[in-house]
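Notes for the structure review
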Amino acid sequence: MRKRMAAIAMAIVALTFLVGAPASAAESSRPPRSCAAAEYSVLFGEGIVVRCFPPYPGYTYRAVAHCAAGNAFWMTVGYWVSFGPSSAECVGGLLTPASVVGYDVDVL
């Protein structure tokens, strides 16, 4: 009985380490603080435009839109820009228009 209780206790401790690990990874996927985004409508979908304010020369970025339509999920990327907005569009079909469910900013 003691061995079984010790095994259960060790499993609970191991599980807390596994569950707690992804929280720090989620913080690194946030876009930079100096970026602003806005959504807009397109035919059969939505788009997102991202404008970042470069802190130093040579700063290049692009918008990455997370798209969903029905049960389908995908990502669409915009053009690399160093000055000005970058946009990415999610386009679906006639019966299942796509929507933007999130976005990221890739920095080069």
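Keep in mind that what you see is a predicted model, and the values were worked out from it rather than measured. (Residues numbered from 1 in each chain as written. Predicted model: local features only at pLDDT ≥ 70, side-chain atom pairs only at ≥ 80, totals over all residues. Heavy atoms only, no water.)

1. Notes on the pairing of strand β1 (residues 35-42)
The side chains of a regular strand alternate, residue by residue, between the two faces of the sheet. In this structure, β1 lies alongside strand β2 (residues 45-52), joined through eight bridges in antiparallel fashion. Paired with Ala37 across the two strands is Val50, which belongs to β2. (Pairing = 2+ DSSP bridges. Helix = DSSP H or I, 4+ residues; strand = E, 2+ residues; numbered from the N terminus.)

2. Here's the deal with the sheet that holds strand β6 (residues 99-107)
Taken in spatial order, the three strands of this open sheet run β4-β3-β6, and their pairing is antiparallel. Both edges of this open sheet fall to β4 (72-77) and β6, since each of them pairs with a single strand only. Pairs of neighbouring strands in the sheet enclose a mean axial angle of 20°, with direction left out of account. (Axes fitted to C-alpha atoms, helices over the stretch in contact; angles between N-to-C directions.)

3. Points about the state of the cysteines
All chains considered together, the criterion is met by two disulfides. Paired by a disulfide, Cys35 and Cys52 hold their sulfur atoms 1.9 Å apart. Around the S-S axis, the bridge from Cys35 to Cys52 shows a dihedral of about 100° and counts as right-handed. Separated by 17 residues along the polypeptide, Cys35 in strand β1 and Cys52 in strand β2 bring together distant segments of the chain. Judged by its relative accessible area of 15%, Cys35 falls in the buried class. With a sulfur-sulfur separation of 1.9 Å, Cys67 is cross-linked through a disulfide to Cys90. (Disulfide = S-S within 2.5 Å. Buried < 20%, exposed > 50% of the residue type's maximum accessible area, 1.4 Å probe, protein only.)

4. What about the side chain of Ser86?
Take Ser86: it is sitting in strand β5 (residues 86-91). With relative accessibility at 2%, the residue Ser86 sits in the buried group. At a separation of 3.1 Å, a polar atom in the side chain of Ser86 contacts the main-chain amide nitrogen of Ala63. When sequence neighbours within four positions are dropped, the list of residues in contact with Ser86 reads Ile48, Val49, Val50, Tyr61, Arg62, Ala63, Gly78, Tyr79 and Val81. (Polar contact = N/O pair within 3.5 Å; in protein donor to acceptor, adjacent residues only side chain to side chain. Contact = heavy atoms within 4.5 Å.)

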